[in-house]
Amino acid sequence: MTAIIERVLTPTPTRLQGSVALVTGGASGIGAATARRLAAEGARVVVADRDDDGARRLAADIGGDAVAFDVTDPAGVRVAIGHADEAFGPIDVLVNNAGGDRPSFFLDTDESTWEAVLALNLTGVIACTHAVLGSMVGRRRGTIVNVASEAGRVGMVGGAVYAAAKAGVIGFTKAIAREGAHHGVRCNAVAPGPIDTPMLDGLARDPLGARLRQGMIDATVLGRCGQPDDVAAAIAYLASADASFVTGHTLAVSGGLSMW
Ligand code: NAI
């Protein structure tokens, strides 16, 4: 048992050797921790972010590559992922991590907010997956890990459309797992609870956000925030051959918030 736990928590330098991994939203928070972790496990990592400078800085630090694109622009996603594919090699591991929200009660939101939240948290995942899946299927090789949220399972006050988008990501993950299964492609998700990142810090800057942050922490059994590295370790596991019999699964990394 101890050996298994150590295996999951400690980066294995060769577990992802020979793989090219692209992490969206890779310049900050969970994405940055994931990029570092996948690089530490031997992958050639492409840090993808709309924050070009941040992506370049991290890529330089981990000996990876950077590509700038906005996941809410499907045409731009196609072009940028096509270039990344040519420049760095076909993508074997896609981590759909870019996402986020600004808290607001549903009745205070309008159509433009709904569209923006869905574009970032759901359509972005769909667009990036569409851009890499053909090559993965053609090569019968690939794993996709989507960053959902416990909000997609248990809901969230002040984040109705975000919760809807993340529930959509969980459903999308299962559908791609089914379509990909006979083509050598696995697709899984993680559902983080409260994780100490710039996004969560940003939440705490307004009164509703601060209440939400504390509410999420109180809802965990462990009574605290997780760290980006906790989520990165789960993503690295799901991306690796250690999870070769795991697909369509959503792994909670949430201190026991939902226990699903
Ligand atoms: P973060 O704000 O620290 O990092 C998000 C990164 O995504 C940033 O580098 C940002 O530039 C990039 N990004 C934002 N919009 C983009 C776009 N349109 N195109 C390309 N890149 C874009 O956020 P954090 O906390 O690391 O969140 C990562 C993921 O984890 C998100 O999907 C979020 O919904 C999810 N999550 C986070 C939780 C938390 O408590 N921090 C809890 C549950 C889920």
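Residues numbered from 1 in each chain as written. Predicted model: local features only at pLDDT ≥ 70, side-chain atom pairs only at ≥ 80, totals over all residues. Heavy atoms only, no water.

(A) Summary view of the packing of aromatic side chains. Under the definition given, this model contains one aromatic pair. For the ring pair Phe-106 and Trp-114, a centre distance of 5.9 Å and an interplane angle of 25° mean the geometry is stacked. (Phe/Tyr/Trp six-rings, centres within 6.5 Å; stacked < 30°, edge-to-face > 60°.)

(B) Looking closely at the pairing of strand β3 (residues 65–68). By the alternation rule, side chains of β3 split into Asp-65 and Val-67, which are all buried, and Ala-66 and Ala-68, of which none is buried. Judged from the four bridges that link them, strand β2 (residues 44–49) and β3 form a sheet pairing that is parallel. Residue pairing for β3: Asp-49 is matched across the bridge by Ala-68. Read as a crossover between parallel neighbours, the route from β2 over helix α3 (residues 52–62) to β3 is right-handed. (Buried < 20%, exposed > 50% of the residue type's maximum accessible area, 1.4 Å probe, protein only. Helix = DSSP H or I, 4+ residues; strand = E, 2+ residues; numbered from the N terminus. Pairing = 2+ DSSP bridges. Right-handed = clockwise from strand over helix to strand, strands pointing away.)

(C) Inspection of the packing of helix α5 (residues 111–139) against helix α7 (residues 160–180) at higher detail. Here α5 crosses α7 at 20°, and the two axes come no closer than 8 Å. The angle between α5 and α7 falls in the class roughly parallel. When you trace α5 past α7, the crossing you get is right-handed. Packed against α5, whose contacting residues are Trp-114, Val-117, Leu-118, Asn-121, Leu-122, Val-125, Ile-126, Thr-129 and Leu-133, the element α7 presents Val-161, Tyr-162, Ala-165, Lys-166, Gly-168, Val-169, Phe-172 and Ile-176 at the interface. When the residues that make up the contact of α5 with α7 are grouped by side-chain class, the tally is 13 nonpolar, three polar and one charged. (Axes fitted to C-alpha atoms, helices over the stretch in contact; angles between N-to-C directions. Parallel < 35°, antiparallel > 145°, perpendicular 65-115°, else oblique. Left-handed = near helix turned anticlockwise from the far one by under 90°. Contact = heavy atoms within 4.5 Å. Nonpolar A, V, L, I, M, F, W, Y, C, P; charged D, E, K, R; others polar.)

(D) Quick peek at the environment of Ala-239. Residue placement: Ala-239 occurs in helix α10 (residues 228–239). Expressed as a C-alpha distance, the spacing of Ala-239 and Val-145, which sit 94 residues apart in the sequence, is 6.7 Å. Not counting the four nearest positions on each side in its chain, Ala-239 is found in contact with Leu-16, Val-93, Thr-143, Val-145 and Arg-186.

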